[in-house]
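The chain contents come next:
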Amino acid sequence: MATLKEKLYQMFILGTEGEGYKQALKQGLGGIIFFTKDIQTKDQFKNLINEIKSESLIPPFLSIDQEGGRVERTENIHNGKKYLSAKYAYQEGPEFLAKQTEEISKELKDYGINLNFAPCIDTNTNPNNPIIGERAFSSNPDDVIQGEKIVSKIYSQNGIIPCVKHFPGHGDANKDSHLTLPEINLSLEEMEKTHIKPFKSAIQNGIDMVMIAHLHCTCFEKDEIPTSLSHNAINYLRKTLNYNGIIISDDMIMKGVAKFGEPQAALMAINAGVNILIYRNSDNNIIDIIEKIYQKAIIDNNLQDKINTSFKKIENLKLKYLI
């Protein structure tokens, strides 16, 4: 039976930079996210994964952002070969998209990856979007839905959890949430018609994980609160879209959310209903965030309930994918 502390640690996916992950794995860390710097050669990467698995108290999510094109983490071992980004793969037609996704799946499976933060199902309506662009299948939500169905199905069939992102849709942004908090000033009706539509479809088709963006959507919050920390946005996901799977944050070190402070931003996210938080590194500061939340959880029954709910969802998903 997992302890409260182990359940809380299960709610975090950390990067390797800072090396705090090594100790955190022994406390029950939920998972690791890998970046290009972690993947120098095939053997080295497989050894790193095996080492992480052997150090883990609870089998971890082994995760990556492998979209193709601009967001591809295995470039050091591909000898110049690149996968196409979502836009160009989709333009090549459904057979090409399926074949490329099959290739990515088999490669990731071979390394031991079990979670891919893809597909990106933002509808790219703003041609000057600095963060999405070719990462989106299309500027038409119906095309995005078709692309998502192909990609998510193939990942699942290969034993890799697909995670659709970035709810409620980063496609109209004119700023990069790595650097600041973009504002999406559209009515809920407009968001539903264009940006939320692919997420609604993915949820109806049983998607297991949705990544929530660091965006200020005025249809959910009048004040400058990112969707990742917003009760209203998460209630919409749960109650209006009837989503029962895992809600995972985008990287909590991004400037779009970091200004809320540590561990305040993490606490706000958990209290709003986020189930897993990603931090791209694992220095002492990030381990300290988890420990501070644990100290608070000991005496906070509401926080304990949130942790228990998240842990159950995480445990069920890991069982489903035999992790």
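Sequence order as written defines the numbering, with residues in each chain counted from 1. Two thresholds apply to this predicted model, a pLDDT of at least 70 for residue-level local features and 80 or more for giving and counting side-chain atom pairs, whereas whole-chain, interface and lining totals are computed over all residues. To get the side-chain values, take all heavy atoms of the structure and skip hydrogens and water.

(A) Main features of the packing of aromatic side chains. Any two rings among Phe, Tyr and Trp, with Trp reduced to its six-membered ring, count as a pair given centres within 6.5 Å; such a pair is stacked if its planes are under 30 degrees apart, edge-to-face if over 60, and tilted if neither. Under the criterion given, the structure shown has seven aromatic pairs. Summarising the aromatic geometry, the rings of F12 and Y279 are spaced 6.1 Å apart at their centres and angled 25° between planes, so their arrangement reads as stacked. Highlighted residues: F12 in strand β1 (residues 12–17) and Y279 in strand β11 (residues 276–281), separated in sequence by 267 residues. Among the aromatic residues, those joined into a ring-pair cluster are F167, F199, F220 and Y236. Here, over-ring charges are defined by two tests on the NZ atom of lysine or the CZ atom of arginine: distance to the ring centre within 6 Å, and angle to the ring normal within 35 degrees. The aromatic ring of F35 is capped on one face by R280, whose charged end is 4.5 Å from the ring centroid. Sitting above the plane of the F61 ring, K318 keeps its charged end 4.6 Å from the centroid. The secondary structure listing takes helices from DSSP runs of H or I that are at least 4 residues long and strands from runs of E that are at least 2 residues long, numbered from the N terminus.

(B) Looking closely at helix α11 (residues 264–272). The classification of residues rests on relative accessible area computed with a 1.4 Å probe and restricted to protein chains. Under 20% of the type maximum is buried, over 50% is exposed, and intermediate values are partly exposed. Turning to α11, its buried residues are A265, A266, L267, A269, I270 and A272. Where α11 terminates, the next one or two residues include G273, which has phi positive at roughly 120°.

(C) Region of the structure containing the packing of helix α6 (residues 141–157) against helix α8 (residues 197–204). In this analysis an axis means a line fitted to C-alpha atoms, helices contributing only their contacting stretch, and an angle means the value between N-to-C directions, from 0 to 180 degrees. Look at α6 against α8: their axes get within 9 Å of each other, and the N-to-C directions meet at 30°. The two elements α6 and α8 cross, and the hand of that crossing is right-handed. Where α6 approaches α8, its residues P141, D142, V144, I145, E148 and K149 are matched on the opposing element by K197, P198, S201 and A202. By residue class, the composition of the contact of α6 with α8 is five nonpolar, one polar and four charged. Crossing handedness is read from the near helix: turned anticlockwise from the far helix by less than a right angle, it gives a left-handed crossing, and turned clockwise, a right-handed one. Residues are treated as being in contact if the distance between any of their heavy atoms lies within 4.5 Å. By the convention adopted, Pro, Cys, Tyr, Trp, Phe, Met, Ile, Leu, Val and Ala count as nonpolar, Lys, Arg, Asp and Glu as charged, and the other residues, Gly among them, as polar.

(D) Here's a closer look at the sheet that holds strand β4 (residues 115–116). A pair of strands is labelled paired if DSSP reports no fewer than 2 bridges between them. With respect to topology, nine strands assemble into an open sheet ordered β5-β4-β3-β2-β1-β11-β10-β8-β6, the strand pairing being parallel. The strands lining the two open edges of the sheet, one partner per strand, are β5 (161–162) and β6 (164–167). Where β1 meets β11, four bridges bridge the pair, whose relative direction is parallel. Residue pairing in the sheet places F12 in a bridge with L277 of β11. Helix-sheet contacts for helix α12 (residues 284–299) involve β1 and β11, and the interaxial angle to β1 is about 155°.

(E) A look at the side chain of H166. If you trace the backbone, H166 turns up in strand β6. Overall, the relative accessible area of 4% leaves H166 in the buried class. Polar contact criterion, stated in full: a pair of N or O atoms within 3.5 Å, where within protein one must be able to donate a hydrogen and the other to accept it, and residues adjacent in sequence count only if both atoms are side-chain atoms. In this structure the side chain of H166 is engaged in a polar contact, spanning 2.9 Å, whose partner is the side chain of D122. The residues touching H166, leaving out its near neighbours within four places in the chain, are C120, D122, I132, R135, F199, M211, A213 and D250.

(F) The environment of T41, seen in detail. Considering the arrangement of structural elements, one finds T41 in the loop between β2 (31–34) and α3 (42–55). For the pair T41 and H78, spaced 37 residues apart in sequence, the C-alpha to C-alpha distance is 9.4 Å. There is a polar contact of 3.0 Å between the side chain of T41 and the backbone nitrogen of Q44.

(G) Fine view of α8. Residues of α8 that are buried include every one of P198, F199, S201, A202 and I203, and no others. Tucked inside the fold, the buried residues of α8 contact α6, β6, α7 (188–195), β8 (209–212) and α9 (231–240). Residue G206 follows α8 closely and has a positive phi angle near 90°.

(H) Region of the structure containing the pairing of β1. Counting buried residues along β1, five of its six residues qualify, which places the element largely inside the surrounding structure. Across two bridges, the pairing between β1 and β2 is parallel. Bridge assignment links I13 to a residue of β2, and that residue is G31. Between β1 and its parallel partner β2, the chain crosses via helix α2 (residues 21–27), and the hand of that crossover is right-handed. Here a crossover is taken to be right-handed if, once the strands point away from the viewer, the path from the first strand over the helix to the second is traced clockwise.

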